[in-house]
Amino acid sequence: MIELKHVSKSYTAGVDALKDINLTINDGEIFGIIGQSGAGKSTLIRCINMLERPTSGEVIINGKDMTKLSTSELRAERRHIGMIFQHFNLLSSRTVYENIAFPLELYGTPKEEQKKKITDILELVGLTEYKDKYPSQLSGGQKQRVGIARAIVSDPDILLSDEATSALDPETVKSILNLLKDINRKLHITIIMITHQMEVIKSIADRVAIIEHGHIIEQSSVLDLFTSPKTETARNFIGSVSSNTLPEGLKNYHIHDERENADDHIMMRLSFRGDVANEPIIAKLARDYNLEVSILYGTVDFIQGVSFGKLIIDVSGSDSNITAAFNHLHSLPIESEVLGYVSGNI
Ligand SMILES: Nc1ncnc2c1ncn2[C@@H]1O[C@H](COP(=O)(O)OP(=O)(O)OP(=O)(O)O)[C@@H](O)[C@H]1O
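As a starting point, this report considers the structure included with it. Just so it is clear, the model here is predicted, and its values are computed rather than measured.

A word on empty space enclosed by the protein
Phase 1: On inspection of all chains with the given rule, the structure shows one cavity of 30 Å³ or more.
Phase 2: Every residue along the wall of the largest cavity is listed here: Ser 161, Glu 163, Ala 164, Thr 165, Met 193, Ile 194, Thr 195, Gln 197 and Val 200.
Phase 3: Sort the elements by how many residues they give to the lining of the largest cavity and strand S8 (residues 190-195) lands first, with three residues.

Here we look at the environment of Ser 203
Phase 1: Mapped onto the fold, Ser 203 is located in helix H7 (residues 198-204).
Phase 2: Considering only alpha carbons, one finds Ser 203 and Leu 177, 26 residues apart in sequence, at a separation of 7.5 Å.
Phase 3: Filtering out sequence-adjacent residues up to four positions away, Ser 203 remains in contact with Leu 177 and Lys 181.

Some thoughts on the sheet that holds strand S5 (residues 64-65)
Across a sheet, strands are paired by hydrogen bonds formed along the backbone, either parallel or antiparallel in direction.
Phase 1: Reading across the sheet, the four strands line up as S2-S1-S4-S5 and stay open at both edges, with antiparallel pairing between neighbours. Every other strand in the sheet has two partners, leaving strand S2 (16-25) and S5 as the edge strands with one partner each.
Phase 2: Alignment of strand S4 (residues 56-61) against S5, held across two bridges, turns out to be antiparallel. Of the residues in S5, the one forming a bridge with Ile 60 is Asp 65.
Phase 3: Along the sheet, helix H1 (residues 41-48) contacts strand S1 (2-10), S2 and S4; its crossing angle with S2, the most-contacted strand, is approximately 55 degrees.

As for the pairing of S8
Phase 1: In terms of residue burial, S8 counts as a mostly covered element, since six of its six residues are buried.
Phase 2: Burial of S8 is two-sided: the residues Thr 190, Ile 192 and Ile 194 facing one way and the residues Ile 191, Met 193 and Thr 195 facing the other way are all buried.
Phase 3: Sheet topology note: the strand S7 (residues 158-162)/S8 ladder contains five bridges and is parallel. Bridge pairing in S8 links Leu 160 to Ile 192.
Phase 4: In terms of handedness, the path from S7 via helix H6 (residues 170-187) over to S8 forms a crossover that is right-handed.

Some words on the sheet that holds strand S14 (residues 306-316)
Phase 1: Pairing is antiparallel in the open sheet, where five strands are placed in the order S11-S15-S12-S14-S13. Pairing within the sheet leaves two strands with one partner each, and these edge strands are strand S11 (255-256) and strand S13 (292-303).
Phase 2: Where strand S12 (residues 265-273) lies against strand S15 (residues 335-342), seven bridges are found, and the strand directions are antiparallel. Residue His 265 lies in a different strand from S15, and its bridge partner there is Val 342.
Phase 3: Here helix H11 (residues 281-288) sits on the sheet and contacts S12, S13 and S14; the angle it forms with S13, its principal contact strand, is near 160 degrees.
Phase 4: Here helix H12 (residues 319-330) sits on the sheet and contacts S12, S14 and S15; the angle it forms with S12, its principal contact strand, is near 15 degrees.

Side note on the site of the ligand
Phase 1: In the vicinity of the ligand, the contacting residues are Tyr 11, Val 15, Ala 17, Gln 36, Ser 37, Gly 38, Ala 39, Gly 40, Lys 41, Ser 42 and Thr 43.
Phase 2: Here an oxygen atom of the ligand sits 2.5 Å away from a polar atom, N or O, in the side chain of Thr 43.
Phase 3: Protein contact buries 59% of the 630 Å² of open area that the ligand shows by itself.
Phase 4: The biggest single contributor to the shell around the ligand is H1, with three residues.

Observations regarding the side chain of Thr 109
Phase 1: Note on placement: Thr 109 falls in the loop between helix H3 (96-106) and helix H4 (111-125).
Phase 2: Thr 109 sits in the buried class, given a relative accessible area of 13%.
Phase 3: Not counting residues up to four positions away in its chain, the partners in contact with Thr 109 are Leu 104 and Gln 114.

Conventions adopted
- Residues numbered from 1 in each chain as written.
- Predicted model: local features only at pLDDT ≥ 70, side-chain atom pairs only at ≥ 80, totals over all residues.
- Heavy atoms only, no water.
- 1 Å grid on protein atoms, 1.4 Å probe; cavity = no way out; pocket = protein on both sides within 12 Å on 5 of 7 lines; lining within 4 Å.
- Points joined across faces, edges and corners; volume = space filled by probe spheres on them.
- Helix = DSSP H or I, 4+ residues; strand = E, 2+ residues; numbered from the N terminus.
- Contact = heavy atoms within 4.5 Å.
- Pairing = 2+ DSSP bridges.
- Axes fitted to C-alpha atoms, helices over the stretch in contact; angles between N-to-C directions.
- Buried < 20%, exposed > 50% of the residue type's maximum accessible area, 1.4 Å probe, protein only.
- Right-handed = clockwise from strand over helix to strand, strands pointing away.
- Near = heavy atom within 4 Å.
- Polar contact = N/O pair within 3.5 Å; in protein donor to acceptor, adjacent residues only side chain to side chain.
- Areas by Shrake-Rupley, 256 points an atom, 1.4 Å probe, with all protein chains shown as cover.

Don't take any of this as a statement about function, it's just geometry.
This is the structure:
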């Protein structure tokens, strides 16, 4: 387990990059940290392996406070933490095999054991045929595979990923994320990923924290974040992969914020998870509350194998029935939001 307790980091220039960060990351999790440029992501991930020393607070990994270790103790603990980078950081004068061998050489691993480990890892990352190539002869995705192989060849418990997919094209991002997921499952390595791309979080993270101006402003499971975001920043990140704006066809309606006429319809958005998707919510609103309900638009997406959907519906009926129906909706694990009022027939 990794625990950050009241971690703050100020750079000498007077920049408070991290402010009272509290996080717990469980063994075997894929934990995402997302934030805009300058939010403090790199500083945070570098404080986990002490590439940056926090100004205050504790970083406890498997019971040991990393901030209290001597240089030699820290070197020993770092063996359990691998790291991958946006620009791969490979040694250009070494082959793929020699790049992966590098950490094992530093740790004095015997040559025969090195060979066995590297052969297995090359197989795992799909680069067996490329072992004698140099980094300049590889694509970006292949370079990152070498970076991943080098990071996990010394059997770490934790893999830190610093924007590891940011320099790659969308197809390659998918294949690298699949590889990371595979490694997480097969080798039970805890993965902490920092990114500014919500797609990355949505694809593979179990839980996520949002960092803004050095503060964690929201943290939850990825499914909870998508279905019930609490902050504007979270909604904006979600909007980048799952649009919350009205579909084109609905923009033609004159939607107003206030009710203008007694017979105005209400346009609303319902967001729900797969576990409630089977309930006849719409039928119930119509039947039990005597409302007219039309479905105007719907989408379904998947996170961690669970479906979550959005429906835009048009509701009309008497005030008392609408109030009772809204009370019923609020009792369900569904997010409901009034988008506005529409006059006349829809
Ligand atoms: N070595 C440093 N000295 C002084 N200030 C720094 C240093 N490194 C980072 N900062 C500042 O700390 C803040 C957080 O930077 P950090 O690199 O952690 O953010 P980030 O979220 O990773 O950004 P990006 O996505 O652009 O890499 C920024 O204001 C940055 O300018």
